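Spelled out, the chains give:
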Amino acid sequence: MDHPSDFDFDFSEFDFDTPVDRHGTWCTQWDYVEDRFGVPDLLPFTISDMDFETAPAVLSALRGRLDHGVLGYSRWRQADFLSAIVDWYGERHATEVAPESIAYGPSVIYQASQLLRLWSRPGDGVVVHTPTYDAFPKTVAAHGRRLLGCPLGDWAELERLLALPDTAVLLLCSPHNPTGHVWTEAELDRVAALCARYGVAVISDEIHSDLAHPPHVHRPWSLHGARDGRWAVVTSASKSFNIPALTGSYAIIGDAATREAYLRNLKEADGLSSPAVLSLVGHIAAYREGGPWLEALGTYLRGNLHLIADHLNKAFPALDWKPPQAGYLAWIDVSPLGVRDETLQRELIDTQKVAIMPGTAYGSPGHLRLNAGCPRAKAERGVMALVEAVRAIHRRDAAG
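Residues numbered from 1 in each chain as written. Predicted model: local features only at pLDDT ≥ 70, side-chain atom pairs only at ≥ 80, totals over all residues. Heavy atoms only, no water.

Chemist: How would you summarise the overall build of the chain if you had to cite specific residues and measurements?
Modeler: Secondary structure summary: the chain contains 13 helices and 11 strands in total. A compact globule built from 400 residues should have a C-alpha radius of gyration of about 21 Å, and the chain, at 21 Å, falls within 12% of that. Seen through its C-alpha atoms, the chain measures out along the principal axes to roughly 65 × 55 × 40 Å. A separation of at least 24 residues holds for 76% of the contacts in the chain among residues at least 6 apart in sequence. Total accessible area on the chain stands at roughly 17200 Å², and carbon and sulfur atoms take up 52% of it. (Helix = DSSP H or I, 4+ residues; strand = E, 2+ residues; numbered from the N terminus. Rg over C-alpha atoms; globule rule 2.2 N^0.38 Å. Contact = heavy atoms within 4.5 Å. Areas by Shrake-Rupley, 256 points an atom, 1.4 Å probe, with all protein chains shown as cover.)

Chemist: Give me the sheet that holds strand S2 (residues 102–105): which residues, what numbers.
Modeler: Read from one edge to the other, the open sheet built from seven strands follows the order S2-S8-S7-S6-S5-S3-S4, with strand pairing classed as mixed. The open sheet has two free edges, formed respectively by S2 and strand S4 (146–151), since each of these has just one partner strand. Mean inter-strand twist for the sheet, computed between neighbouring axes without regard to direction, equals 25 degrees. For strand S3 (residues 125–130) and S4, the ladder comprises six bridges, and the chain directions are parallel. What sits directly across from His 129, in S4, is Cys 150. (Pairing = 2+ DSSP bridges. Axes fitted to C-alpha atoms, helices over the stretch in contact; angles between N-to-C directions.)

Chemist: Please give an account of the packing of aromatic side chains that cites residues and values.
Modeler: Enumeration over the complete set of coordinates arrives at 13 aromatic pairs. Summarising the aromatic geometry, the rings of Tyr 110 and Tyr 262 are spaced 6.5 Å apart at their centres and angled 65 degrees between planes, so their arrangement reads as edge-to-face. Of this pair, Tyr 110 sits in helix H5 (residues 108–119) while Tyr 262 is found in helix H9 (residues 256–269), placing the two residues 152 residues apart along the sequence. You can call Tyr 110 buried: its relative accessible area is 14%. For Tyr 262, a relative accessible area of 1% puts it in the buried group. Three or more aromatic residues joined by ring pairs make a cluster, and in this case those are Phe 16, Phe 52, Phe 81, Trp 88, Tyr 104, Phe 241, Tyr 250, Tyr 287, Trp 293 and Tyr 300. Looking at Arg 376, its charged tip hangs above the ring of Tyr 300, at a distance of 4.2 Å from the centre. (Phe/Tyr/Trp six-rings, centres within 6.5 Å; stacked < 30°, edge-to-face > 60°. Buried < 20%, exposed > 50% of the residue type's maximum accessible area, 1.4 Å probe, protein only. Lys NZ or Arg CZ within 6 Å of the ring centre and 35° of its normal.)

Chemist: Outline the side chain of Glu 206, supporting the account with residue identities and numerical values.
Modeler: Tracing the sequence through the fold places Glu 206 in the loop between strand S6 (201–205) and strand S7 (231–235). Despite its burial, Glu 206 remains without a salt bridge, the nearest opposite charge being carried by Arg 92 at 11 Å. In this structure the side chain of Glu 206 is engaged in a polar contact, spanning 2.8 Å, whose partner is the side chain of Ser 204. Engagement of the side chain of Glu 206 in a polar contact is seen with the side chain of His 218, the distance being 2.8 Å. Excluding residues that lie within four positions of it along the chain, Glu 206 makes contacts with Ser 174, His 218, Pro 220, Trp 221, Val 233, Val 234 and Thr 235. (Lys, Arg positive; Asp, Glu negative; His and termini not counted. Salt bridge = Lys/Arg side-chain N within 4 Å of Asp/Glu carboxyl O. Polar contact = N/O pair within 3.5 Å; in protein donor to acceptor, adjacent residues only side chain to side chain.)

Chemist: Residue-level account of the packing of helix H4 (residues 79–93) against helix H10 (residues 277–289), with values.
Modeler: For the pair H4 and H10, interaxial distance at closest approach is 9 Å and the crossing angle is 35 degrees. Along this stretch, H4 crosses H10, giving a crossing that reads as left-handed. Mapping the contact onto sequence places Asp 80, Phe 81, Ser 83, Ala 84, Ile 85, Asp 87 and Trp 88 in H4 and Leu 280, His 283, Ile 284, Ala 286, Tyr 287 and Arg 288 in H10. Partitioned by chemical class, the residues of the contact of H4 with H10 number eight nonpolar, two polar and three charged. (Left-handed = near helix turned anticlockwise from the far one by under 90°. Nonpolar A, V, L, I, M, F, W, Y, C, P; charged D, E, K, R; others polar.)

Chemist: Hey, could you go over the state of the cysteines for me, with residue numbers and the actual values?
Modeler: The tally for this structure, following the rule as stated, stands at zero disulfides. You can see Cys 150 has no disulfide; the closest cysteine sulfur is in Cys 195, sitting 11 Å from it. Residue Cys 374 stays outside any disulfide, its sulfur separated by 13 Å from that of Cys 27, the closest cysteine. (Disulfide = S-S within 2.5 Å.)

Chemist: Go over the pairing of strand S5 (residues 167–173) with me, naming the residues and quoting the values.
Modeler: Where burial is concerned, most of S5 is hidden: seven out of the seven residues are buried. Here S3 runs beside S5; their pairing, made up of three bridges, is parallel. By the bridge assignment, Gly 125 is partnered in S5 with Thr 167. One ladder, built from five bridges, connects S5 with S6; its direction is parallel. Pairing of Leu 170 across the sheet is with Val 202, part of S6. In this region the chain leaves S5, passes through helix H8 (residues 185–198) and returns to the parallel neighbour S6; the handedness of that crossover is right-handed. (Right-handed = clockwise from strand over helix to strand, strands pointing away.)

Chemist: Please set out the nonpolar core residue by residue, giving values where relevant.
Modeler: Within the largest apolar cluster, 82 residues are counted, with the highest numbers of intra-cluster contacts made by Leu 170, Ile 203, Trp 221, Phe 241, Tyr 287 and Leu 297. Each residue touching Ile 203, except ones within four places of it in the same chain, is listed here: Ala 112, Leu 115, Leu 116, Trp 119, Val 169, Leu 170, Leu 171, Leu 172, Ala 232 and Val 234. Judged by nonpolar contacts, the second largest core, of 34 residues, contains Trp 30, Ile 308, Trp 321 and Val 390. (Core = buried A, V, L, I, M, F, W, Y, C linked by side-chain atoms within 4.5 Å.)

Spelled out as structure tokens, the structure:
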């Protein structure tokens with residue numbers, strides 16, 4: 001399969017270096033950093049949105065829709081939205097998607113949540129790979145299901161958990177958050193065979209799928225789930241095009257009965273039948289015209305991630321840190337550095353004045369998740385703050 005990076009795009013027309021001031025925009029990452037870290041005005045590398053304006057094509061389409069002036073009730077089940085998704089999957093992922101298999105939702109987590117309700121009962125087990133995206137445990141617990149954590153790469157434990165009689169669902173993250181692992185075709189085939197053997201449904205969160213870094217190639221679960229009707233891909237353009245505030249997502253649901261039940265609950269139980277019209281506009285513009293911007297973004301993000309690797313490995317060769325296979329989240333194992341999580345966080349917050357997500361938020365002490373979706377100067381400031389924080393701790397330890 002050809003990777004989109006082989007396409008001949010002109011990257012020079014997009015500016016990712018110029019900072020955009022996000023203060024005072026009700027921004028979770030910048031305006032509300034105190035909520036999680038206890039201190040205001042930190043330089044944040046936290047929640048997974050980016051500090052870049054979205055693609056010019058998306059902004060132009062949104063302005064055009066606003067210029068129309070009427071923002072009434074809308075429909076998502078229409079040719080422009082559905083065909084944009086179908087064509088994006090065909091062109092970018094070499095995957096055929098039936099338009100009738102698509103279902104709109106207000107968010108990926110909402111869609112995963114509703115599918116959990118349909119495919120499991122209170123008390124059932126839901127398998128996730130650990131470390132895990134922090135919304136997964138909250139969603140599973142809120143529905144009264146049991147979270148079953150399987151260390152990423154532990155195939156024996158995965159089979160043991162899937163074989164439990166009350167395991168109902170595998171909640172897959174593909175590519176994986178927070179590690180950035182891109183599942184290979186062989187790995188997905190192996191997962192699919194295990195889930196089919198033990199009758200476990202699969203919900204595949206693929207929101208980071210458009211940010212796989214060459215030579216790694218994302219493979220949609222729809223290529224692997226066809227052998228069993230109980231599967232769904234839940235995703236959105238929100239991560240790749242930095243439009244989460246528009247809300248909106250979509251699912252590809254393999255089983256028609258499940259799809260009908262989901263849509264009935266969406267409309268009748270939850271009253272969400274009318275979509276966010278600007279989300280539809282944003283998705284259509286992103287998928288129809290945003291490819292060149294997305295390719296330029298990927299190139300820029302890889303530059304940030306390699307910069308982080310260069311600084312970390314020069315300062316601490318024992319880390320031998322390698323950039324993730326997808327996305328813009330630098331998942332860093334700092335356990336070889338011999339610093340306690342709490343001590344490192346205090347040094348980062350109190351002295352370096354930066355906010356970097358602790359691995360404990362994802363069930364993995366001894367790690368950090370640093371958001372590199374930002375101008376290069378900010379990414380460099382973040383990694384140097386981490387280097388200086390560790391060095392300061394080591395100096396204090398050496399002084400006794």
